[in-house]
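What follows is the residue order along each chain.
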Amino acid sequence: QVQLVESGGGAVEAGGSLRLSCAASGSTVPSTMAWFRQAPGKQREGVATIYTPTGVTYYPGAVKGRFTISQDLTKNMLFLQMNSLKPEDTAMYYCAAKNDPGLSLLRSSYNYWGQGTQVTVSS
């Protein structure tokens with residue numbers, strides 16, 4: 001059992017930055033965590049994933065170079081630093097976790113989810 005709570009969303013102008021946070025708690029320590037986003041009318045897509053024991057990360061091309069996933073294991077926190085934001089980045093952002101190891105951007109791979117935090121990028 002893992003509980004995830006996101007925070008840090010908000011409204012910014014194109015080119016701006018935001019840092020999202022995810023607080024994790026529960027009876028197990030997830031081996032893999034990720035950030036997903038979902039805009040109205042679009043499928044939920046993974047934007048970053050991290051293998052927590054080593055910090056190895058992976059990003060899709062849409063955000064590579066702009067987004068950075070990181071963690072603070074001492075605080076059970078996951079972060080997503082988003083720079084050079086575009087209006088296309090507007091979405092509800094979700095923190096996700098799974099107990100089995102293996103980087104993944106597939107929604108079906110994750111069984112623990114946060115409630116989401118809204119990110120709105122205006123032009």
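Quick look at the structure, then. (Residues numbered from 1 in each chain as written. Predicted model: local features only at pLDDT ≥ 70, side-chain atom pairs only at ≥ 80, totals over all residues. Heavy atoms only, no water.)

## A closer look at the packing of aromatic side chains
By the definition in use, this model includes four aromatic pairs. Ring plane angle 75° and centroid distance 5.4 Å describe the contact between Phe 36 and Tyr 110, whose orientation is recorded as edge-to-face. Placement of Phe 36 in strand E4 (residues 32-38) and of Tyr 110 in the loop between strand E9 (91-98) and strand E10 (112-113) is noted, with a sequence separation of 74 residues between them. Overall, the relative accessible area of 0% leaves Phe 36 in the buried class. Among the residues examined, Tyr 110 registers a relative accessible area of 5% and is labelled buried. Where Tyr 110 meets Trp 113, the ring centres are 6.3 Å apart and the plane angle is 70°; that geometry is what we call edge-to-face. Classification of Trp 113 as partly exposed rests on a relative accessible area of 26%. Connected via pairs of aromatic rings, a cluster forms that spans Phe 36, Tyr 94, Tyr 110 and Trp 113. Here Arg 44 stacks its cationic end above the ring of Tyr 94, 3.9 Å away from the centre of that ring. (Phe/Tyr/Trp six-rings, centres within 6.5 Å; stacked < 30°, edge-to-face > 60°. Helix = DSSP H or I, 4+ residues; strand = E, 2+ residues; numbered from the N terminus. Buried < 20%, exposed > 50% of the residue type's maximum accessible area, 1.4 Å probe, protein only. Lys NZ or Arg CZ within 6 Å of the ring centre and 35° of its normal.)

## Some remarks on the pairing of strand E8 (residues 77-82)
Note: strand E3 (residues 18-26) against E8, six bridges, orientation antiparallel. Within the sheet, the bridge partner assigned to Ser 21 lies in E8 and is Phe 79. Looking at chain direction, strand E7 (residues 67-72) and E8 are connected through six bridges and run antiparallel. From the neighbouring strand, Gln 71 faces E8, where its bridge partner is Leu 78. (Pairing = 2+ DSSP bridges.)

## Examining unusual backbone geometry
Phi angles above zero are rare outside glycine, and Asn 76 is one such case at about 55°. Residue placement: Asn 76 occurs in the loop between E7 and E8. What makes Asn 76 partly exposed here is its relative accessible area of 47%. Even without being glycine, Ser 84 reaches a positive phi, approximately 50°. According to the relative accessible area criterion, Ser 84 is partly exposed, its value standing at 42%.

## Observations regarding the side chain of Thr 52
With respect to the element layout, Thr 52 can be found in the loop between strand E5 (45-51) and strand E6 (56-58). In this structure, Thr 52 is in contact with Pro 30, Ser 31, Thr 32, Met 33, Gln 71 and Leu 73, ignoring residues within four places of it in sequence. (Contact = heavy atoms within 4.5 Å.)

## A look at the sheet that holds E7
The four strands are arranged E1-E3-E8-E7 in an open sheet whose pairing can be described as antiparallel. The sheet is open, and its two borders are formed by strand E1 (2-7) and E7, each paired with just one other strand. Across the sheet, the axes of successive neighbouring strands diverge by a mean angle of 20°, strand direction being ignored. (Axes fitted to C-alpha atoms, helices over the stretch in contact; angles between N-to-C directions.)

## Here we look at the environment of Trp 35
Along the chain, the position of Trp 35 falls in strand E4. Taking the C-alpha atoms as reference, Trp 35 lies 13 Å from Ser 108; in sequence the two are 73 residues apart. A polar atom in the side chain of Trp 35 sits 3.3 Å from the backbone oxygen of Phe 79. (Polar contact = N/O pair within 3.5 Å; in protein donor to acceptor, adjacent residues only side chain to side chain.)

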